[in-house]
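Chain by chain, the residues run as shown.
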Amino acid sequence: MSIVELKNVSRVYRNGDHEQRALDHVDLSLEEGKFIVILGPSGAGKSTLLNLLGGLDSPTEGTIIVNGKDISTLTENELADYRAETVGFVFQSYNLIPTLTVIENVALVKEIAINPLSSHDMLREVGLADHIHQFPSELSGGEQQRVSIARALAKNPQILLCDEPTGALDSETGVMVLKLLLSMARDMKKTIIIVTHNQNIAKMADVVIRVKNGKIKSCEEQEKPLTVEEVDW
């Protein structure tokens, strides 16, 4: 069952007479509960695609349907509701509030989520049960990233959008984060969409989408995606 459908989607940015076509008539259909990787060089349109799916930006033309709802026609207030109810975000920057403890940072989502999960349980899932009263400045980069993932999990989104989630992490911590994201797709039936430059991450994906010059160059299903342990990091 498709959870996301893009039909003839373009995103054009204009600066005076200059026009930049970040996405160019994209068609795409993604199934629920899949681990999906979007690959492509810088400037290919990967992050623009993620921002459109997350309701952070709107298409210049075309239709984006998520869960049967056309989000390309929503008002700002309706998009805010969509972001609160349907999607979660994990970015390369952790976006934690420095004056709040780990547990307080994660619990923030309860203010906007419709059906949030336990903050304590999600921190246990990411291996940070012993760090809940610490502040972000007392954690390593990998631990901060895991807090941001716990926060995204606690929101209980149907779709988790990840922009280079391991880009700032060492290899060992990156593998730990990827295991967690993969288990979300496999065990929790979440749709995980990761934008990355890392070809190795694509080896784990159910679906690999390659983007170049604002166009989808290929969208391939992999019959036997590798486990994290099988990838040569």
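Figured I'd write up the structure that's included with this text. The model shown is predicted, which means the values in this text are computed figures rather than measured ones.

So, how was this worked out
Residues numbered from 1 in each chain as written. Predicted model: local features only at pLDDT ≥ 70, side-chain atom pairs only at ≥ 80, totals over all residues. Heavy atoms only, no water. Pairing = 2+ DSSP bridges. Helix = DSSP H or I, 4+ residues; strand = E, 2+ residues; numbered from the N terminus. Contact = heavy atoms within 4.5 Å. Axes fitted to C-alpha atoms, helices over the stretch in contact; angles between N-to-C directions. Buried < 20%, exposed > 50% of the residue type's maximum accessible area, 1.4 Å probe, protein only. Lys, Arg positive; Asp, Glu negative; His and termini not counted. Salt bridge = Lys/Arg side-chain N within 4 Å of Asp/Glu carboxyl O. Phe/Tyr/Trp six-rings, centres within 6.5 Å; stacked < 30°, edge-to-face > 60°.

Looking at the sheet that holds strand β4 (residues 61-66)
Judged by pairing direction, the sheet is antiparallel, and its four strands sit side by side in the order β2-β1-β4-β5 without closing on themselves. At either end of the open sheet lies a strand with only one pairing partner, and these are β2 (18-31) and β5 (69-70). Along the sheet, helix α1 (residues 46-53) contacts β1 (2-15), β2 and β4; its crossing angle with β1, the most-contacted strand, is approximately 120°.

Brief notes about the side chain of R146
Following the sequence through the fold, R146 ends up in helix α5 (residues 141-154). For R146, which is buried and forms no salt bridge, the nearest opposite charge comes from E143, at a distance of 4.5 Å. Excluding its chain neighbours within four sequence positions, the residues that come into contact with R146 are V126, G127, L128, M176 and V177.

Observations concerning the sheet that holds strand β8 (residues 191-196)
One open sheet accounts for six strands, arranged β6-β7-β8-β3-β9-β10; its pairing is mixed. In this open sheet, the two edge strands, each paired with only one partner strand, are β6 (87-90) and β10 (215-221). When the angles between neighbouring strand axes are averaged without regard to direction, this sheet yields 15°. On the sheet, helix α6 (residues 171-188) packs against β3 (35-39), β7 (159-163) and β8 and is oriented at approximately 145° with respect to β8.

With respect to the packing of aromatic side chains
Under the counting rule described, the total for this entry stands at one aromatic pair. Each ring, one from F89 and one from F91, has its centre 5.7 Å from the other, and the planes form 10°; the classification is stacked.

Focus on unusual backbone geometry
Leaving glycine out, the prevailing phi sign among residues is negative, and the prevailing peptide bond configuration is trans. Although it is not a glycine, H25 sits at a positive phi angle of roughly 50°. Tracing the backbone through its elements, the reader meets H25 in strand β2. Its relative accessible area of 37% is what places H25 among the partly exposed residues. Of note in this structure, N67 is not a glycine but carries a positive phi near 55°. Looking at the secondary structure, you find N67 in the loop between β4 and β5.

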